[in-house]
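Working through the structure, step by step
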Amino acid sequence: PARQDAAENGVKIAVRGSADEITGQFDVLVANILAGPLVELADSITSRLASRGMLALSGVLCEQARDVLAAYDPWIEFDEPQFREQDGQTWSRLTGSRR
């Protein structure tokens, strides 16, 4: 689904099955996965983010946003969360920069 969504929106991406498959440091990192994996992978994801790099996390239900924010707090200075209604649920987009 990620490749199809990106193509429909004119975005070029590299999709990997696991964080272990990703090497290097990036100025911008986007993760659109569920809150549980985002929390579990916080250290791994942030270790791939360059100093002052930008992070965008989505796929997070509104009621899960605090847990995700807390997991990334040691590394990321977050902007105000953004919320959107879709299919009867409220989803959040969490963006910020590496400290």
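You'll find the structure just up there.
Within each chain, residues carry numbers counting from 1 in the order of the written sequence. Given that this is a predicted model, residues contribute local features only at a pLDDT of at least 70 and side-chain atom pairs are listed and counted only at 80 or more, while totals for whole chains, interfaces and linings are drawn from all residues. Side-chain metrics rest on all non-hydrogen atoms present in the structure, leaving aside hydrogens and water.

Secondary structure counts use DSSP, requiring at least four H or I residues in a row for a helix and at least two E residues in a row for a strand, with both numbered from the N terminus. When helices and strands are counted, the protein chain shows four helices and five strands. Traced from its N-terminal end to its C-terminal end, the protein chain shows the element sequence α-β-α-α-β-α-β-β-β. As a reference, a globule follows 2.2 Å times the number of residues to the power 0.38, and the radius of gyration itself is taken over C-alpha atoms. Relative to a compact globule of 99 residues, whose C-alpha radius of gyration would be 13 Å, the protein chain shows 13 Å and is just as compact. Principal-axis analysis of the C-alpha atoms gives the protein chain an extent of 40 × 30 × 20 Å. Long-range contacts, defined here as pairs at least 24 residues apart, represent 58% of the contacts in the protein chain between residues at least 6 apart. For every accessible area listed, the method is Shrake-Rupley and the probe measures 1.4 Å; residues are considered covered only by the protein chains on display. Accessible surface, the protein chain as shown: approximately 6700 Å² in total, 49% of it carbon and sulfur. In what follows, a contact means two residues having at least one pair of non-hydrogen atoms within 4.5 Å.

Turning our eyes to something else, we now look at the pairing of strand S2 (residues 49-61). Paired strands are those between which DSSP finds at least two bridges. Relative to S2, strand S1 (residues 26-32) is paired through six bridges, and the arrangement is parallel. When the sheet's bridge partners are listed, alanine 31 is paired in S2 with leucine 57. Pairing geometry for S2 and strand S5 (residues 89-98), over six bridges, is antiparallel. The residue of S5 that forms the bridge with alanine 56 is threonine 95.

This part is about the environment of isoleucine 76. Within the secondary structure layout, isoleucine 76 lies in strand S3 (residues 76-78). When near neighbours in sequence (up to four residues on either side) are disregarded, isoleucine 76 contacts Thr46, Leu49, Leu55, Gly96, Ser97, Arg98 and Arg99.

It is worth spelling out the pattern of salt bridges at this point. When the charged atoms of two side chains lie near each other, side chains of opposite charge can form a pair. In the sections that follow, a salt bridge refers to a side-chain nitrogen of Lys or Arg positioned within 4 Å of a carboxyl oxygen of Asp or Glu. In total, this model carries one salt bridge according to the counting rule given. Arginine 99 serves as the salt-bridge partner of aspartate 73, at 3.2 Å between the closest nitrogen and oxygen. Of the two residues, aspartate 73 is situated in the loop between helix H4 (65-72) and S3 and arginine 99 in the segment after S5; the sequence distance between them amounts to 26 residues.

Summarising the element assignment, serine 92 is placed in strand S5. When a residue's accessible area, from a 1.4 Å probe over protein chains only, is under 20% of the maximum for its type it is buried; when over 50% it is exposed; and in between it is partly exposed. Serine 92 sits in the buried class, given a relative accessible area of 4%. Sequence-distant contacts of serine 92, defined by excluding residues within four places in its chain, comprise Leu57, Ser58, Gly59, Val60, Leu61, Cys62, Ala65, Gln82 and Phe83.

What follows is about unusual backbone geometry. Notably, arginine 52 is not glycine yet its phi reads approximately 65 degrees, a positive angle. Inspection of the secondary structure puts arginine 52 in strand S2.

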